[in-house]
Amino acid sequence: MTEKRWIYKPIPSTEKIKQVAEAINVSTEIATLLAQRDINTFDEAKAFFRPDLAHLHDPFLMKDMDKAVERLTKAISSGEKIMIYGDYDVDGTTSVATFYGFLKNVVYQNSASCPLEFYIPDRYAEGYGVSQAGVEKAANEGFGLIVSLDCGIKSKEKITWAKEHGVDFIVCDHHRPDDNDLPPAVAILDPKRSDCAYPYKELTGCGVGFKLLQAYCQTHGISQELLLPYLDLVVTSISCDIVPITGENRVMAFYGLQQLNSNPRTGLKALMQSASLAGKMDITKVVFGLGPRINAAGRIKHAYDAVNLLLTDNEEEATDFANIIAKHNTDRKGFDTNITAEALAIIEEDDFLKSAKSTVLFKNDWHKGVIGIVASRCIEKYHRPTIILTESHGHAAGSARSVPGFDVYDAIEECSEHLIQFGGHTFAAGLTLEISEIENFRRKFEEVVNRKILPEQLSPMIDIDLKLPLVEISDKFHRIMSQMSPFGPQNMTPVFVSENVYLHGKALKMKEKHLKINVFQEGSPAYTCVGFGMVEDFFEDLQEGKPFSICYTIEINEWQGRKSFQLMLKDIKV
């Protein structure tokens, strides 16, 4: 077992905690959680607990938004053919469904002569980003405008070709740009541009597309109420692209979850039923219930299945698409399990790889659709930056994943002399290189990681909000804490530590893998705790009368109509 580091978030000053507690009449513990999230006044707390659509920024604060609206308006008013182009992952497919769906249903009012078409590149035949096949199709079939969503910021060559052949581009992206080498698009909407003063930088690709639609609605007097139903797609992108749940993302996620829980679109409803998702939808259920299924379409066959599912309003058709996608997801799990086992075996059998600070693995027959998942699985066992490569069209194509605190994009950028192309974010990236360059890249990447990574980044950590006496857990405490949702990056579900707890009765095994215990502190009632996969590591060490510490989140368990607190264990220290 790799021991996890318990990292406590800084505790704000006593004065600040008292100020927050008095301002909104909450306990010291709740006030601490809020102050840790930089919520210090009544107004800040009100904005946090009660997200308001009025808090969304003016879309015209984004660089090039005026140009984008002008060009989109011209295309629509003149009847030009418009191609809505998106990536094949969750963010890309939800982007396309949002943008295409809104234009078709609201702007063109489902006209039979609607000159719109959407395009998703084939992951295997075309690869990530704007493809040559895509721009050639647009030029050959008379499209005057392409709106690219969740891609395009690093597609200078393809966008130049399109421009030379009479096809304009509006780029809606959120990936890190090369500010010195932007594509020649009519408009480039990307809040991460260094010359973009937009107040919020962490939008998804779908979020950027939503802002363009918001700006179009403002310009043409279209009611925002017609755009809001698409927030169920926006929250799906926010959840699955693992962006911060702060600022505008928090507002859109809050209202998107309301939509998802009250009146989800037909396709998402069918997908929820297919995934057997019961109860209230939250960010976690979207990430683990909906995300893998939507992604599976592009990983195993083609993302068109996912877009068609998200666009349909026919229940029978939605059920058919959801069943197809469920089959893709089952296939994906098989590839994922087998390739992960192969990858871990390669590391185990190689002394250098076992002791390295990074992992770079290549096998020519690994399924390209799951290598990102496999990279994440490898990090669960070997906690270090990881790149998994496979052969695609004569090159090595790969996915990179990182560990908290380490910028894998910057590390890959330092190795760019060995690459054909790369792109991505701080903790996840994609790359392509010649197969003959793999060893050179592996050596350079290891050198860069070895030089830059901190020793503590190589062991898993748990971020802990605060130490909590068990006696403080109450209905009121949990009710107020729950209102801090939606939880996600930069506003994670609060994690607590309770020290000197004791077993109340014997530890139990569930399915031989999972741990179930009842614990108490002096003066507190007993609480049920569940630790998934913890039997092997902790079952033998837990003894009645012997104190230990638990790290956990708090949930409500409902059984036969009765509700009770259940502590979901993240770690134990004996």
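That block above? That's the structure.
Residues numbered from 1 in each chain as written. Predicted model: local features only at pLDDT ≥ 70, side-chain atom pairs only at ≥ 80, totals over all residues. Heavy atoms only, no water.

Novice: Describe the overall build of the protein chain, naming the residues involved and giving the relevant values.
Specialist: For the protein chain, the helix and strand inventory stands at 20 helices and 19 strands. Computed over C-alpha atoms, the radius of gyration of the protein chain comes to 25 Å, within 12% of the 25 Å expected from 2.2 N^0.38 for 574 residues, which places it in the range of a compact globule. With 574 residues in all, the protein chain has 54% of them scored as buried. The contacts of the protein chain with a sequence gap of at least 6 include a subset with a gap of at least 24, amounting to 67%. Accessible area of the protein chain: about 25,300 Å², with a carbon and sulfur share of 49%. Here the protein chain carries 62 positive and 79 negative side-chain charges, and the mean point of each set is 3 Å from the other. (Helix = DSSP H or I, 4+ residues; strand = E, 2+ residues; numbered from the N terminus. Rg over C-alpha atoms; globule rule 2.2 N^0.38 Å. Buried < 20%, exposed > 50% of the residue type's maximum accessible area, 1.4 Å probe, protein only. Contact = heavy atoms within 4.5 Å. Areas by Shrake-Rupley, 256 points an atom, 1.4 Å probe, with all protein chains shown as cover. Lys, Arg positive; Asp, Glu negative; His and termini not counted. Charge placed at Lys NZ, Arg CZ, Asp CG, Glu CD.)

Novice: Outline the sheet that holds strand β6 (residues 187–189), supporting the account with residue identities and numerical values.
Specialist: The five strands lie next to each other as β3-β2-β4-β5-β6, forming an open sheet whose pairing is parallel. Two strands close off the open sheet at either side, each with one partner strand: β3 (116–119) and β6. Strand after strand, the sheet turns through a mean of 20° between neighbouring axes, direction not considered. Helix-sheet contacts for helix α8 (residues 205–220) involve β4 (143–149), β5 (168–172) and β6, and the interaxial angle to β5 is about 115°. (Pairing = 2+ DSSP bridges. Axes fitted to C-alpha atoms, helices over the stretch in contact; angles between N-to-C directions.)

Novice: I'd like a description of the pattern of salt bridges, backed by residues and values.
Specialist: Scanning the model with the defined rule gives 27 salt bridges in all. A salt bridge links R193 to D64; the nearest nitrogen and oxygen atoms lie 3.0 Å apart. Linking R193 in the loop between β6 and α8 with D64 in the loop between α3 (42–49) and α4 (65–78), this pair joins segments that are 129 residues apart in sequence. Assessed through its relative accessible area of 6%, R193 is described here as buried. By sharing partners, the salt bridges in this structure join D64, K67, R193 and D195 into a single network. (Salt bridge = Lys/Arg side-chain N within 4 Å of Asp/Glu carboxyl O.)

Novice: Give me the packing of helix α1 (residues 14–24) against helix α2 (residues 28–36): which residues, what numbers.
Specialist: Where α1 meets α2, the axes come as close as 8 Å, and the angle between the chain directions of the two elements is 110°. Here α1 is positioned roughly perpendicular relative to α2, judged by the angle of their axes. Contacts between α1 and α2 involve K16, I17, V20, A21 and I24 from the former and T28, A31, T32, L34 and A35 from the latter. Taken together, the residues of the contact of α1 with α2 break down into seven nonpolar, two polar and one charged. (Parallel < 35°, antiparallel > 145°, perpendicular 65-115°, else oblique. Nonpolar A, V, L, I, M, F, W, Y, C, P; charged D, E, K, R; others polar.)

Novice: Requested: an account of the state of the cysteines, with residues and values cited.
Specialist: Disulfide: a covalent bond formed between the sulfur atoms of two cysteine residues. Scanning the entire structure with this criterion turns up zero disulfides. Its sulfur unpaired, C217 is 14 Å from the next cysteine sulfur, which belongs to C172. Residue C529 stays outside any disulfide, its sulfur separated by 11 Å from that of C551, the closest cysteine. Given the relative accessible area of 0%, C529 is considered buried. (Disulfide = S-S within 2.5 Å.)

Novice: I'd like to hear about the side chain of E248, residue by residue, with values.
Specialist: Mapped onto the secondary structure, E248 falls in helix α10 (residues 247–262). Among the polar contacts made by the side chain of E248, one reaches the main-chain amide nitrogen of H57 at a distance of 2.9 Å. What E248 contacts, discounting residues up to four positions off in sequence, is L56, H57, Y198, Y200, L203 and K211. (Polar contact = N/O pair within 3.5 Å; in protein donor to acceptor, adjacent residues only side chain to side chain.)

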